[in-house]
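Now for the letters of each chain:
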Protein chains: 2
Amino acid sequence: MPSWQRTHTCGELRLDHEGEEATLNGWVNNWRDHGGLVFIDLRDRYGMTQVVFDPNTDEEMHKVARDLRSEYVISVVGKVAPRLEGKRNPKLDTGDIELKATKLELLNRSEVTPFEIGPEAEATSEEIRLRHRYLDLRRPRMQRILDLRHRVCKTTRDYLSERGFLEVETPMLGRSTPEGARDFLVPSRVNPGDFYALPQSPQLYKQILMVAGYDRYFQIARCFRDEDLRANRQPEFTQVDIEMSFIDMDDIIGLIEGLACEIMSGILGRTITPPFPRYTWDDLMRRYGVDRPDLRFGMEIVDITGLAHETDFKVFQQAPSVRGLNAKGAADRYSRKGLDELTAFAGEYGARGLAWLKVDANSFTSPIAKFFSEEQAGKLREAMGAEPGDLLLFVADRYDASHAPLAALRHRLGKELELYNPDDFHFSWCVDFPLLEHDADTGHWVARHHPFTMPLEEDWHLLETEPEKVRAKAYDLIVNGEEAAGGTIRLHKPDLQAKVFSLIGLDEEEAQKRFGFLLDALKYGAPPHGGIAMGLDRWVMLLAKLENIRDCIAFPKTQRATDLMTGAPSEVEPRHLRELGLK
Amino acid sequence: MPSWQRTHTCGELRLDHEGEEATLNGWVNNWRDHGGLVFIDLRDRYGMTQVVFDPNTDEEMHKVARDLRSEYVISVVGKVAPRLEGKRNPKLDTGDIELKATKLELLNRSEVTPFEIGPEAEATSEEIRLRHRYLDLRRPRMQRILDLRHRVCKTTRDYLSERGFLEVETPMLGRSTPEGARDFLVPSRVNPGDFYALPQSPQLYKQILMVAGYDRYFQIARCFRDEDLRANRQPEFTQVDIEMSFIDMDDIIGLIEGLACEIMSGILGRTITPPFPRYTWDDLMRRYGVDRPDLRFGMEIVDITGLAHETDFKVFQQAPSVRGLNAKGAADRYSRKGLDELTAFAGEYGARGLAWLKVDANSFTSPIAKFFSEEQAGKLREAMGAEPGDLLLFVADRYDASHAPLAALRHRLGKELELYNPDDFHFSWCVDFPLLEHDADTGHWVARHHPFTMPLEEDWHLLETEPEKVRAKAYDLIVNGEEAAGGTIRLHKPDLQAKVFSLIGLDEEEAQKRFGFLLDALKYGAPPHGGIAMGLDRWVMLLAKLENIRDCIAFPKTQRATDLMTGAPSEVEPRHLRELGLK
């Protein structure tokens, strides 16, 4: 056994240990020479402990200690002693004690790090931190996040395993399908000219596993999408993938509610209570303009189309739909310039304009106030629940087109006006999604989720007559304005499946080409089944209150899809490309 | 809730449930019409239950039951009743009861399956089974294997998590390195001409995590190697990857011994006792010709070089080394033809010949018996522990060259002569590997494991003078002749690392090119660290006594690296290739 076998971690020692000998290993967080003594804070994944080196204990040791620098790795033996009354540090778990060193071994030196290992690092550019990710990950904050991520996975696996779910690994080297997002391709050397595709999700495999009788499957699976990266997207991401047989929507919803409770209580120590409220897609779109609203605050959309048509304001008269928000008490918060900004912001979401009215005691301050008769103004106040000091904002457009700008405005106002406690969590479900949507380019129906989604039983009769009204057995879990999970019950009946395929213009040949092996599988006794997928990265972001997805991933890619630490992607040897038959 | 919500699984009902109403869901395993009743065995992942449909209970139901066929999916409600005394089936967990159906719902039909879902399927070609993997995986045997695989992973995660290990996900889209096996490449669309590589192992990342202070890391990680596939290789495989800081070899060995015990007892109900015996590499090569011998039986290699040089047999006289095996009592088992086969077999492993002697009471039956004087024959008997009826086999060659054929012969004889109980497990360690080996092509030293392997402290002084004698802090876990895990303590000291690099002919520039980011990381306070990797597929094969690696993977590839079910790899649309800048 090496001499530096630790007896405790740097986060472990307390007053109870007074007088005990302990061996600690870790990194020198900082050091100071004070009154002839050397003081250091020794850091490891578990915490930080103050260590004192006294020349009277061992002169040689004290000399080595004087040469310690930040991030040197040491092993130290010493006696646990209480700190002097005035020197205690209540911010540190070990702040009541210090270790009076008797032996010191220098395990490794460190060059001067390009940034400090601590909260100060956040001031350093993300590029430099990603380039030296080994140092960035040494920060206690990052270590806490990856620890949390581990515990979310562990809790999930325990929860599902206890309920009879099997984790089954599905292939990373799969088949490319023309559906969905762009695949990452992997050229085959053995079969030149052919390619594997990295999975966008294990969707087809998990349905195959249900056909194969696995009954309750899950996998914490790596998925890939070669899309242009938005701020919070990564080319590879992780999803908790679940599928069950002989169940219906309520079973999946109940299962996930239980899991969410377990994660919240086990990891954050927070109690949430199922069942979570369920909202229909129609309802959410009408009231919030989006199917995943942040429900930690109200500010519902109000439809004033009828009233608007009565006014003299042309834009209102002619718009098929006029809907608005009441930002309570916000009239003073937005100057003319602020309102211009809100208008531009709504414009980014497709609004061709933004009508605003500040509510005064008996009138409105607004460029459009003049278009409202007194009676109309009264009706407007009533409809909007308007009181003096409120700010009313309206979008006049097609009903469909006003969703996005109103939802975005509501989201922005909720944040800017601090309408909710950012530490709150609100869990709810969106259900009864439309099964189909119109593809604006082709004018055809396309499957809103995927083409194996089961329609609601009571809407089956509408499939041929009014397909736009057919609702799907689909369900999304909404947490604080994010889609935290989403799933569907699948089509397992060949006749119904054929009907849906024909609606979305997939003839048998085309369907066979795209989904051949799943269609084959479904012929041999597919059980009723359905599932759900939870974005792990998003869950960690929600739980840790992160804004940047890169903070919840050990080795993330930049928005240019590069890894600044390793330099991936990179050039490869021409010999290697020749072997693959590539140019 | 759908009417088919099950109350029990098909493996659950016992005599205790007599008189209870139960709802079962599953697949019709087989059915027969007998005395006016329809009998079926209903199967799910958990077992099989006999269900009886009586026309007197419900004529309509009985009519539907008569039309049931194999692999139809049904839900059935009924009363649990004891079977008649003579009709009980002790082979079935539910064999004492049957379910007297009162309600039947046909959930889905099935076409006639291309093979029976049961042990009979093994007679069907593997190609057909892989093509219809959803049916192959429906076989109870395959379901048991995937269940076992899940439990191995679960046990491993529980064991490591309880000991403070964090599971950290490392990237799949990594950087290609010129080391090791051939990488699978992924062309980058955002950075045309550049490629990601799928990881051969998370080796560099896990060392980075140690530098980052994570202290105890693990991951059940997918790894990739684009090699020509041998019978028991797959292009993607799974490994339990572990790394620890502030530890030495004994810590890793102790950790893995504990895990092996937990897996053996928790999953197979078998007790094994640590510590496992440790053998040095030299010792194993000398006694078994291989560093992962099957130690469930003896039959050690005996070196008779000295004696052989005294005989009149030229081949023996001139060979630098003559070593052999005593196949106890096997003389009668191998005819002249059988011995020719063994000779050809040894030839496949490089032996230029195989000398054999059958031991009689006072003489040998052998073409080379005449070369031995009576005294030499006596010495040979003594050296080999030979008794009448034994078969002696010798390889005369360089010491190094005789390892492979002798090890292969020993392995084959052990199996053919049934020298061990195939249900036994033998766990041991191989340690003290040579740090370096000669590359026959270049004549240079190369790292036997990887270039970051720590030499044994007591051999550091030999690095410059006798590098061939330097032993590595490397350790392999051997189970039944397989390498079940392997790892090393890593070089964390820059000066020592530089010495090893220069030995293997890596100058600073070249080292920087190959391992740049790890070398950079090691400059900033790397702790002493080491780790190990366990092949999950191999573990499942060992535990389930499988011969074919494809049986332990849900969706395996063939030896041509294709997935017969999905058709991957496949052609992709030219548009997609253009986007990647590929031809």
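Residues numbered from 1 in each chain as written. Chains lettered and ligands numbered in written order. Predicted model: local features only at pLDDT ≥ 70, side-chain atom pairs only at ≥ 80, totals over all residues. Heavy atoms only, no water.

What exactly am I supposed to notice about the overall build of chain A here?
What chain A contains, in helices and strands, is 16 helices and 22 strands. Viewed in the frame of its principal axes, chain A has a C-alpha envelope of about 90 × 75 × 50 Å. In chain A, buried positions account for 59% of the 583 residues. In chain A, once contacts between residues fewer than 6 apart in sequence are set aside, the share between residues at least 24 apart is 66%. For chain A, the accessible area works out to roughly 24,400 Å², and carbon and sulfur atoms hold 47% of it. If the 76 positive side-chain charges of chain A are averaged to one point and the 96 negative ones to another, these points end up 3 Å apart. (Helix = DSSP H or I, 4+ residues; strand = E, 2+ residues; numbered from the N terminus. Buried < 20%, exposed > 50% of the residue type's maximum accessible area, 1.4 Å probe, protein only. Contact = heavy atoms within 4.5 Å. Areas by Shrake-Rupley, 256 points an atom, 1.4 Å probe, with all protein chains shown as cover. Lys, Arg positive; Asp, Glu negative; His and termini not counted. Charge placed at Lys NZ, Arg CZ, Asp CG, Glu CD.)

Can you help me understand the pattern of salt bridges in this one?
A side chain of one charge can pair with a side chain of the opposite charge if their charged atoms are brought near each other. Using the criterion set out here, one finds 111 salt bridges over all chains in the structure. Arg189 of chain B serves as the salt-bridge partner of Asp228 of chain A, at 3.3 Å between the closest nitrogen and oxygen. You can see Asp228 of chain A sitting in the loop between β9 (216-224) and β10 (236-245) and its partner Arg189 of chain B sitting in the loop between β7 (185-187) and β8 (195-197), one on each of two chains. For Arg189 of chain B, a relative accessible area of 14% puts it in the buried group. Residues joined in a network through salt bridges with shared partners are Glu122, Arg129, Arg133, Asp136, Arg139, Arg141 and Asp551 of chain A. (Salt bridge = Lys/Arg side-chain N within 4 Å of Asp/Glu carboxyl O.)

How do you make sense of the nonpolar core when you look at a structure like this?
Most often, soluble globular proteins have nonpolar side chains that are buried together. Formed by 208 residues in total, the largest nonpolar core has its most connected members in Phe427 and Leu477 of chain A together with Phe427 and Leu477 of chain B. Phe427 of chain B has contacts with Ala260, Met264, Ile272, Phe276, Pro277, Leu477, Ile478, Val479 and Trp539 of chain B, leaving out every residue within four places of it along the chain. (Core = buried A, V, L, I, M, F, W, Y, C linked by side-chain atoms within 4.5 Å.)

Just checking my understanding: could you explain the packing of helix α7 (residues 281-288) of chain B against helix α12 (residues 399-416) of chain B for this structure?
For any two helices packed against each other, one specifies the crossing angle of their axes together with the interaxial distance. Residues and elements named next belong to chain B. For the pair α7 and α12, interaxial distance at closest approach is 8 Å and the crossing angle is 65°. In terms of their interaxial angle, α7 and α12 are classed as roughly perpendicular. The segment α7 lies against α12, with Asp282, Met285, Arg286 and Tyr288 engaging Tyr399, His403, Ala407 and Arg410. Classifying every residue of the contact of α7 with α12 by side-chain character gives four nonpolar, one polar and three charged. (Axes fitted to C-alpha atoms, helices over the stretch in contact; angles between N-to-C directions. Parallel < 35°, antiparallel > 145°, perpendicular 65-115°, else oblique. Nonpolar A, V, L, I, M, F, W, Y, C, P; charged D, E, K, R; others polar.)

Got a minute to help me understand the domain arrangement of chain A in this structure?
It is common to give the size of an interface as the accessible area lost on bringing the parts into contact. Domain assignment breaks chain A into domain 1 (15-108), domain 2 (143-279 + 427-552) and domain 3 (297-416). A separation of 51 Å is found between the C-alpha centroids of domain 1 of chain A and domain 2 of chain A. (Domains from an automatic or database assignment.)

Sorry if this is basic, but what is going on with the sheet that holds strand β16 (residues 391-397) of chain B here?
Across a sheet, paired strands are connected by hydrogen bonds in the backbone, their directions being either parallel or antiparallel. Residue and element names in this part refer to chain B. Read from one edge to the other, the open sheet built from five strands follows the order β12-β13-β16-β14-β15, with strand pairing classed as antiparallel. The open sheet has two free edges, formed respectively by β12 (302-303) and β15 (364-365), since each of these has just one partner strand. Sheet analysis places strand β14 (residues 355-359) next to β15, joined by two bridges and oriented antiparallel. When the bridges of β15 are listed, Lys358 appears paired with Thr365. (Pairing = 2+ DSSP bridges.)

Hey, could you run me through the pairing of strand β1 (residues 21-34) of chain A in this one?
Consecutive side chains of a regular strand alternate in pointing toward one face of the sheet and then the other. Residues and elements named next belong to chain A. Pairing between β1 and strand β4 (residues 73-82): seven bridges, direction antiparallel. Following the sheet pairing, Glu21 is matched in β4 by Lys79. In terms of strand pairing, β1 meets strand β2 (residues 37-44) through seven bridges, oriented antiparallel. Within the sheet, the bridge partner assigned to Arg32 lies in β2 and is Phe39.

Where do I start with the UniProt feature "binding site: ATP" (unreviewed entry) in chain A in this structure?
All names here are of chain A. When the UniProt feature table is mapped onto this chain numbering, "binding site: ATP" (unreviewed entry) sits at Arg225, Asp226, Glu227, Gln234, Glu483, Gly535, Leu536, Asp537 and Arg538. Looking at the element boundaries, Arg225 is found in the loop between β9 and β10. Sequence-distant contacts of Arg225, that is, excluding residues within four places in its chain, are made with Ala181, Arg182, Phe184, Gln200, Pro235 and Phe237. Within the secondary structure layout, Asp226 lies in the loop between β9 and β10. (UniProt positions renumbered as here; feature names shortened; annotations may be inferred.)

Help me understand the pairing of strand β10 (residues 236-245) of chain B in this model?
All names here are of chain B. Across the 10 residues of β10, 10 count as buried, placing the element largely inside the fold. Neither face of β10 is open: one carries Glu236, Thr238, Val240, Ile242 and Met244, the other Phe237, Gln239, Asp241, Glu243 and Ser245, and all of them are buried. With nine bridges joining them, strand β9 (residues 216-224) and β10 adopt antiparallel strand pairing. Residue pairing in the sheet places Ala221 in a bridge with Gln239 of β10. Where β10 and strand β22 (residues 529-535) come together, seven bridges link them in antiparallel fashion. Paired with Ser245 across the bridge in β22 is His529.

How should I be thinking about the interface of chain B and chain A in this particular structure?
Residue-level contacts link 126 residues of chain B with 125 residues of chain A. Linking chain B with chain A are 16 salt bridges. In this structure, the salt-bridge partner of Glu579 of chain B is Arg182 of chain A, at a minimum N-O distance of 2.9 Å. Put simply, chain B and chain A have 75 residue pairs in polar contact (both at pLDDT 80 or more) between them. Here the residues of the side of chain B that touches chain A are counted per class, giving 60 nonpolar, 28 polar and 38 charged. (Polar contact = N/O pair within 3.5 Å; in protein donor to acceptor, adjacent residues only side chain to side chain.)

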